[in-house]
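# Inside the fold
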Amino acid sequence: MKYKKLYDGADIPVLGQGTWGLGGGMAPDHSHDSTAIDAIRTAIELGYTHIDTAEMYGGGHTEELVGQAVSEYNREELFITSKIWKQTMDHQDVINALEGSLKRLGTDYLDLYLIHRPNRDIPIEETFRGLNALIEQGKVRYLGVSNFGLRQLKRAQTLCDTQIVTNQVRYHLHERKCVANGVLEYCQANNILLTAYSPIDRGYLLDDPTVKQIAARYDATPAQVALHWLISQPQVIALPMSTNRRHLEENLGALELELSESDIERLNRIELPESVLFPE
Ligand SMILES: NC(=O)c1ccc[n+]([C@@H]2O[C@H](COP(=O)([O-])OP(=O)(O)OC[C@H]3O[C@@H](n4cnc5c(N)ncnc54)[C@H](OP(=O)(O)O)[C@@H]3O)[C@@H](O)[C@H]2O)c1
């Protein structure tokens, strides 16, 4: 694994294992529990120590599966992120939500706790009152946000007693909103990590002709090229998700890839497919 630095100098892995879909969508689904637990354990065995989950995933069941999967590992060697969902964001809700996540995960602290999405219905001051208290109590090591625009991110910074360490947003070769809205540039200038989710666009990126062509030149795969493009950017880390050992291994190959400047430039200027430019 390779690492980038949090604002305080602590290491964070450049690739983490996502968990969306393991244990259900927004409601619990117990039908593939052992596959999900195996996938998380395989990821950890291969060197993915950052596990990203959320209270919303599988209606809480995903956190339970993560908890079962990590129970046989040394907690201090893992970096566990979870997220508070938008229904539960006033001060007391935040405290209660964290307790629920800790219980399901079978741990007494989170490495990173994110606001999953901005919620216009609840004053964000309330949410941060709860989050700041959790840092104070030592139940959460770091705070961050997810799906925040630039204005929302700046506002969050003013309310957070500690540093906002990351904004987790959708970012991949076919999705450049965080570039267009200035979020990436702001993160890079302010020592905030940008955590790219859906980094291979749930598999859709793998058929892109430019990505395929560049991958072939390096004897690499399209997934490796897509991931390398992200993590070669300052302050960017990525969260691919896979339940397949071969894919998990393959994705780690992105760490060793070295693309020429001209190929990176080609990827920077990749032609976005019509489905992205003109969504239905
Ligand atoms: N903050 C948010 O709002 C938010 C939103 C979405 C996602 N996320 C987080 O980000 C994580 C990743 O995003 P994602 O799951 O949407 O998308 P993703 O990582 O872009 O794609 C996952 C899909 O790609 C496949 N895959 C992975 N590696 C592959 C490879 N080398 N070759 C071929 N297929 C491969 C996986 O199938 P196999 O299992 O068969 O490998 C899976 O179906 C989530 O799990 C979640 O933790 C956060």
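Residues numbered from 1 in each chain as written. Predicted model: local features only at pLDDT ≥ 70, side-chain atom pairs only at ≥ 80, totals over all residues. Heavy atoms only, no water.

## Focus on unusual backbone geometry
The test is simple: Only runs of H or I of at least four residues qualify as helices and only runs of E of at least two qualify as strands under DSSP, and these elements are numbered from the N terminus. Under the scheme applied here, a residue whose accessible area is under 20% of the maximum for its type counts as buried, over 50% as exposed, and between as partly exposed, the area being computed with a 1.4 Å probe on protein chains only.
Of note, the phi angle at asparagine 147 is positive, near 60 degrees, even though the residue is not glycine. Locating asparagine 147 in the fold gives a position in the loop between strand 6 (140–146) and helix 5 (150–159). The exposure class assigned to asparagine 147 is buried, which follows from its relative accessible area of 19%. You will see that aspartate 219, though not glycine, has its phi angle at about 55 degrees, which is positive. Topologically, aspartate 219 is positioned in the loop between helix 8 (209–217) and helix 9 (222–231).

## Points about the pattern of salt bridges
To keep it simple, the criterion reads: Take a side-chain nitrogen of Lys or Arg and a carboxyl oxygen of Asp or Glu: if they are within 4 Å of each other, that pair is a salt bridge.
All told, the structure shown has 13 salt bridges when counted by the stated rule. With a closest N to O distance of 3.7 Å, glutamate 249 and arginine 245 form a salt bridge. Of this pair, glutamate 249 and arginine 245 both sit in helix 10 (residues 245–252), 4 residues apart, which is roughly one turn of the helix.

## With respect to the sheet that holds strand 4 (residues 79–84)
The line we're drawing: One requirement defines pairing of two strands: DSSP has to find at least two bridges between them. Fitted lines through C-alpha atoms serve as axes, helices being fitted only where they are in contact, and the angles separating the N-to-C directions of these axes extend from 0 to 180 degrees. We call two residues contacting when some pair of their heavy atoms lies within 4.5 Å.
The sheet built from 7 strands is open, its strands ordered 3-4-5-6-7-8-9 with parallel pairing. The open sheet has two edge strands with one neighbour each: strand 3 (50–52) and strand 9 (236–239). Within this sheet the neighbouring strands show an average axis-to-axis angle of 25 degrees, counted without direction. Taken together, the 4 bridges between strand 8 (residues 193–197) and strand 9 define a ladder with parallel strand orientation. For threonine 195, the partnering residue across the bridge sits in strand 9 and is isoleucine 237. Contacts from helix 3 (residues 91–105) reach strand 4, strand 5 (110–115) and strand 6, with the element oriented near 135 degrees to strand 5.

## Quick word on the nonpolar core
To be explicit about the condition: Put simply, a nonpolar core is a bunch of buried Ala, Val, Leu, Ile, Met, Phe, Trp, Tyr and Cys residues held in one set by side-chain atoms that sit within 4.5 Å of each other.
Counting residues in hydrophobic clusters, the biggest one holds 85 residues, and the most contacted among them are Leu15, Tyr113, Ile115, Phe128, Tyr171, Leu194 and Leu267. Ranked by residues supplied to this core, first place goes to helix 9 with 7 residues.

## What to know about the site of the ligand
Stated formally: Consider each residue's heavy atoms; a residue with any of them within 4 Å of a molecule or strand counts as near. Nitrogen and oxygen atoms within 3.5 Å of one another constitute a polar contact, given that in protein one can donate a hydrogen and the other can accept it, and given that sequence-neighbouring residues count only through two side-chain atoms. Note on areas: Shrake-Rupley, 1.4 Å probe, and residue coverage restricted to the protein chains presented here. Under the scheme applied here, ten amino acids are nonpolar (Ala, Val, Leu, Ile, Met, Phe, Trp, Tyr, Cys and Pro), four are charged (Asp, Glu, Lys and Arg), and all others, including Gly, are polar.
Near the ligand lie 29 residues; those nearest to it are Asp52, Ser198, Ser242, Thr243 and His247. The contact in question runs from an oxygen atom of the ligand to an N or O atom on the backbone of tryptophan 20, over 2.9 Å. The protein chains hide 86% of the 910 Å² of surface that the ligand would expose on its own. Ranked by residues supplied to the shell around the ligand, first place goes to helix 10 with 3 residues. Grouping the constituent residues of the shell around the ligand by class yields 10 nonpolar, 13 polar and 6 charged.

## Regarding the state of the cysteines
How we decide: When two cysteine sulfur atoms lie within 2.5 Å, the pair is treated as a disulfide.
Tallied over the full model, the rule gives 0 disulfides. Here cysteine 187 is not disulfide-linked; the sulfur of cysteine 178 is the nearest cysteine sulfur, at 8.0 Å.

## Focus on the pairing of strand 6
Note the threshold: With the strands aimed away from the viewer, a crossover counts as right-handed if its path from the first strand over the helix to the second runs clockwise.
Extensive coverage of strand 6 is indicated by the burial of 6 of its 7 residues. With 5 bridges connecting them, strand 5 and strand 6 associate as parallel partners. Along strand 6, the bridge assignment pairs leucine 112 with tyrosine 142. Where strand 6 lies against strand 7 (residues 164–170), 3 bridges are found, and the strand directions are parallel. Looking at the pairing, leucine 143 lines up with isoleucine 164 of strand 7. Each parallel crossover has a hand, and the one from strand 6 via helix 5 to strand 7 is right-handed.

## Examining the environment of alanine 223
With respect to the helices and strands, the residue alanine 223 is situated in helix 9. Measuring from C-alpha to C-alpha, the distance between alanine 223 and glycine 58 comes to 26 Å, with 165 residues separating the pair along the chain. With sequence-adjacent residues up to four places away left out, alanine 223 is seen in contact with Ile200, Leu206, Glu250 and Asn251.

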